[in-house]
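Coordinate inspection notes
Spelled out, the chains give:
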Amino acid sequence: ILTYQAHEDGKANFISIRAVMDRMLPMLQEIAGNRALSYTVDDTKVPGKQGTSLALLTNELVLNAFKHGRGAVEVEFRVEGDVATLRV
């Protein structure tokens, strides 16, 4: 995603969280077997480093939910004003 946006606008200073999640979460669903994964993501743009950190954190939380939890896994990223909340 960072590479794509760099080609698109010549720099990757900011990244769309929805674009990251739309690419990453379906890949995680593929390794989940028969466990359901659903997500709701408010779009916002964040600096590339924050977007990368959020992607890594989300990846770890989802994998842990699959490994240690039961049933469906839900991911929610909400933005209200200047506060963002990630819930897995």
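The rules behind each value
- Residues numbered from 1 in each chain as written.
- Predicted model: local features only at pLDDT ≥ 70, side-chain atom pairs only at ≥ 80, totals over all residues.
- Heavy atoms only, no water.
- Helix = DSSP H or I, 4+ residues; strand = E, 2+ residues; numbered from the N terminus.
- Buried < 20%, exposed > 50% of the residue type's maximum accessible area, 1.4 Å probe, protein only.
- Contact = heavy atoms within 4.5 Å.
- Areas by Shrake-Rupley, 256 points an atom, 1.4 Å probe, with all protein chains shown as cover.
- Salt bridge = Lys/Arg side-chain N within 4 Å of Asp/Glu carboxyl O.
- Pairing = 2+ DSSP bridges.
- Axes fitted to C-alpha atoms, helices over the stretch in contact; angles between N-to-C directions.
- pLDDT = per-residue confidence, 0-100.
- Lys, Arg positive; Asp, Glu negative; His and termini not counted.
- Polar contact = N/O pair within 3.5 Å; in protein donor to acceptor, adjacent residues only side chain to side chain.

As a further point, take the overall build of the protein chain. On a plain count of helices and strands, the protein chain comes out with 3 helices and 5 strands. Ordered by position from N to C terminus, the α and β elements of the protein chain give α-β-α-β-β-α-β-β. Looking at the protein chain as a whole, 30% of its 88 residues qualify as buried. Of the contacts formed within the protein chain by residues at least 6 apart in sequence, a portion of 64% connects residues at least 24 apart. For the protein chain, the accessible area works out to roughly 5900 Å², and carbon and sulfur atoms hold 52% of it.

A few words now on the pattern of salt bridges. Pairing between side chains of opposite charge can happen when the charged atoms of each approach one another. Counting across every chain of the model gives 4 salt bridges. Note that arginine 87 is salt-bridged to glutamate 74, the shortest N-O span being 3.8 Å. Pair noted here: arginine 87 is in strand β5 (residues 83-87) and glutamate 74 is in strand β4 (residues 73-80), with a separation of 13 residues, a long-range link. Through salt bridges with shared partners, a single network forms among Asp42, Glu74, Glu76, Arg78 and Arg87.

Another aspect to go through is the sheet that holds β5. The strand order across the open sheet formed by 3 strands is β2-β4-β5, and the pairing between neighbours is mixed. Across the chains shown, the open sheet's two edge strands, defined by having one partner strand only, are β2 (37-41) and β5. Averaged over all adjacent pairs, the angle separating strand axes in this sheet is 5°, with direction ignored. One ladder, built from 5 bridges, connects β2 with β4; its direction is parallel. Within β4, the residue paired with valine 41 across the bridge is phenylalanine 77. Most of the contacts of helix α2 (residues 17-31) go to β2, to which it runs at about 180°, and overall it touches β2 and β4. Packing of helix α3 (residues 48-68) onto the sheet brings it into contact with β2, β4 and β5, and relative to β4 it is tilted by some 150°.

Residues at a pLDDT of 70 or more form 86% of the protein chain, whose mean pLDDT is 88. Model confidence for the protein chain, summarised as mean pLDDT per element, is weakest for helix α1 (residues 2-9) at 57 and strongest for β4 at 97.

Within the fold, arginine 35 resides in the loop between α2 and β2. Buried charge arginine 35 goes without a salt bridge, the closest partner of opposite sign being glutamate 74 at 11 Å. A distance of 2.8 Å separates a polar side-chain atom of arginine 35 from the backbone oxygen of phenylalanine 66. Once residues lying within four places of it in the same chain are set aside, the contact partners of arginine 35 are Gln29, Ala65, Phe66, Gly69, Arg70, Gly71 and Val73.

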